[in-house]
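For reference, the chains in residue letters:
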Amino acid sequence: MLTKEDKALIEKAKSLAKETNIKNGIVKEVGCVLITEKGETFLGVSLNLPCGIGFCAEHTAISQMITQTDETHIKIIVAASAWDVSAPCGRCRELINLLDERNMETEVIVSDEKKVKLKDLLPYKWT
Ligand SMILES: [Zn+2]
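Residues numbered from 1 in each chain as written. Predicted model: local features only at pLDDT ≥ 70, side-chain atom pairs only at ≥ 80, totals over all residues. Heavy atoms only, no water.

(A) Geometry of the pairing of strand E4 (residues 74-80). For E4, a buried count of six out of seven residues is recorded, marking the element as mostly surrounded by other parts of the structure. Judged from the six bridges that link them, strand E2 (residues 25-36) and E4 form a sheet pairing that is antiparallel. Bridge assignment links Gly31 to a residue of E4, and that residue is Ala80. Judged from the three bridges that link them, E4 and strand E6 (residues 107-109) form a sheet pairing that is parallel. Paired with Val78 across the strands is Ile109, a residue of E6. The pairing of E4 with strand E5 (residues 85-86) spans two bridges and is classified as antiparallel. Across the sheet, the residue bridging to Ala79 is Ser86, located in E5. (Buried < 20%, exposed > 50% of the residue type's maximum accessible area, 1.4 Å probe, protein only. Helix = DSSP H or I, 4+ residues; strand = E, 2+ residues; numbered from the N terminus. Pairing = 2+ DSSP bridges.)

Right under this line is the structure:
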């Protein structure tokens, strides 16, 4: 069950998703919002480029967090296109886990109606 605050995070993520074609790909197909355990908010967008060079919106938001703070502990995260929430891909699940073991308890919004813990999405983490 999502709270009013969770739904506001979804709307923020959707507002970041302003799909834009560039010469060699598409940027901003997906937006991401994360909140750290200390309550700071970070935003990101996806870069979809050839040969797997791009990266997910979650990566951008996490990069912002790492660049601007010493924090690695994420309280909640959501990624969405302009229309839909999307659960993080396997690489992003592992990234969140590898940043901080406590992130197995991170809340991940996976749809317009549901959030789960990272440990539910990644029961057999790579170590
Ligand atoms: Zn991903």
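There's more to say after this.
(B) View of the coordination of the zinc ion. Around the zinc ion, the protein contributes the donor atoms Cys56 (SG), Cys89 (SG) and Cys92 (SG), at 2.2 to 2.3 Å from the metal centre. All donors of the zinc ion belong to a single chain; written as a sequence motif, their spacing is C-x32-C-x2-C. With relative accessibility at 0%, the residue Cys92 sits in the buried group. (Donors = N, O, S within 2.8 Å, 3.2 Å for Na, K, Ca; no water.)

(C) Structural detail: the nonpolar core. Within the largest apolar cluster, 19 residues are counted, with the highest numbers of intra-cluster contacts made by Leu34, Ile74 and Ile77. Mapped by element, the contributors of at least two residues to this core are E2, helix H2 (57-68), E4 and helix H4 (118-121). For this core, the element with the most residues is H2, which contributes four residues. Apart from residues lying up to four places away in sequence, Leu34 is in contact with Glu40, Thr41, Phe42, Ala61, Ile62, Met65, Ile74, Ile76 and Ile77. With twelve residues, the next largest nonpolar core counts Leu9, Ile10, Ala13 and Leu16 among its residues. (Core = buried A, V, L, I, M, F, W, Y, C linked by side-chain atoms within 4.5 Å. Contact = heavy atoms within 4.5 Å.)

(D) Geometry of the side chain of Asn97. Locating Asn97 in the fold gives a position in helix H3 (residues 90-99). In this view, Asn97 contacts Met104, Leu118, Leu122, Lys125 and Trp126; residues no more than four positions away in its chain are not counted.

(E) Summary view of H3. Of the positions making up H3, those classed as buried are Cys92, Arg93, Glu94, Ile96 and Asn97. Buried residues in H3 make contact with H2, E4 and H4.

(F) Quick peek at H2. Counted at 1.5 Å a residue, the expected span for H2 with its twelve residues is 16 Å, and the 17 Å between its end C-alpha atoms agrees. Of all the positions in H2, only Ala57, Glu58, His59, Thr60, Ala61, Ile62 and Met65 are classed as buried. Check the buried side of H2 and you find it contacts E2, strand E3 (41-48), E4 and H3. (Expected span 1.5 Å × (residues − 1).)

(G) Quick peek at the pairing of E2. Burial runs high along E2: nine of the twelve residues are buried. Between the antiparallel neighbours strand E1 (residues 20-22) and E2 lie two residues. As judged from the seven bridges shared by E2 and E3, these two strands associate in the antiparallel manner. Paired with Cys32 across the strands is Gly44, a residue of E3. Two successive antiparallel strands, E2 and E3, enclose a turn made up of four residues, where Gly39 displays a positive phi of approximately 95°.

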